[in-house]
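What follows is each chain in one-letter form.
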Amino acid sequence: MQSLTHTCRYRDHEISIVGFEMLDGWHLAVQIKPLWKPAWPAWRDKQGRYEDFAELQAAGLAWARKTVDAYLPALQA
């Protein structure tokens, strides 16, 4: 078993995508931290199982962007 992390920025938020490889596939956790505030509570996808880290990373980024956009709707282009 292993874990991998991908970190990036989106709209002044640091996003950490963490994948945990288990026997039944990859499990996802996402941490969002606004640059000006403490980090939000980590979110874990308790339902999803992913085939590989690339699939997990895409799902995590999509969830994080959707969440940040919902939190900051006035800034959407």
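Each value, and the rule that gives it
Residues numbered from 1 in each chain as written. Predicted model: local features only at pLDDT ≥ 70, side-chain atom pairs only at ≥ 80, totals over all residues. Heavy atoms only, no water. Phe/Tyr/Trp six-rings, centres within 6.5 Å; stacked < 30°, edge-to-face > 60°. Helix = DSSP H or I, 4+ residues; strand = E, 2+ residues; numbered from the N terminus. Salt bridge = Lys/Arg side-chain N within 4 Å of Asp/Glu carboxyl O. Buried < 20%, exposed > 50% of the residue type's maximum accessible area, 1.4 Å probe, protein only. Core = buried A, V, L, I, M, F, W, Y, C linked by side-chain atoms within 4.5 Å. Pairing = 2+ DSSP bridges. Contact = heavy atoms within 4.5 Å.

**Regarding the packing of aromatic side chains**
Logical step 1: This structure, assessed with the given rule, holds 3 aromatic pairs.
Logical step 2: Both rings, one in W43 and one in W63, keep their centres 4.1 Å apart while their planes meet at 5°; by these two values the pair is stacked. Remark: W63 occurs in helix 1 (residues 53–71) and W43 occurs in strand 4 (residues 43–50); sequence separation between them is 20 residues.

**A closer look at the pattern of salt bridges**
Logical step 1: Across all of its chains, the model carries 2 salt bridges by this definition.
Logical step 2: The partner of R11 in a salt bridge is D69, and the shortest N-O contact between them spans 2.3 Å. Remark: D69 occurs in helix 1 and R11 occurs in the loop between strand 1 (3–10) and strand 2 (13–22); sequence separation between them is 58 residues.
Logical step 3: The partner of R49 in a salt bridge is D24, with the nearest N and O atoms 2.9 Å apart. With a gap of 25 residues between them, R49 in strand 4 and D24 in the loop between strand 2 and strand 3 (25–34) connect regions that are remote in the sequence.
Logical step 4: For D24, a relative accessible area of 47% gives the class partly exposed.

**Overview of the nonpolar core**
Logical step 1: Within the largest apolar cluster, 14 residues are counted, with the highest numbers of intra-cluster contacts made by I17, L28, V30, I32 and L56.
Logical step 2: Those elements that place two or more of their residues in this core are strand 2, strand 3 and helix 1.

**Quick look at the pairing of strand 1**
Logical step 1: Across 8 bridges, the pairing between strand 1 and strand 2 is antiparallel. Bridge assignment links T5 to a residue of strand 2, and that residue is V18.
Logical step 2: The hairpin turn running from strand 1 into strand 2, its antiparallel successor, is 2 residues long, and R11 in that turn takes a positive phi close to 50°.

**Thoughts on the side chain of S16**
Logical step 1: Positionally, S16 belongs in strand 2.
Logical step 2: Take S16: its relative accessible area is 16%, and that puts it in the buried class.
Logical step 3: Residue contacts for S16: discarding those within four places in its chain leaves H6, T7, A29, V30 and Q31.

By themselves, these observations are geometric and do not establish any function.
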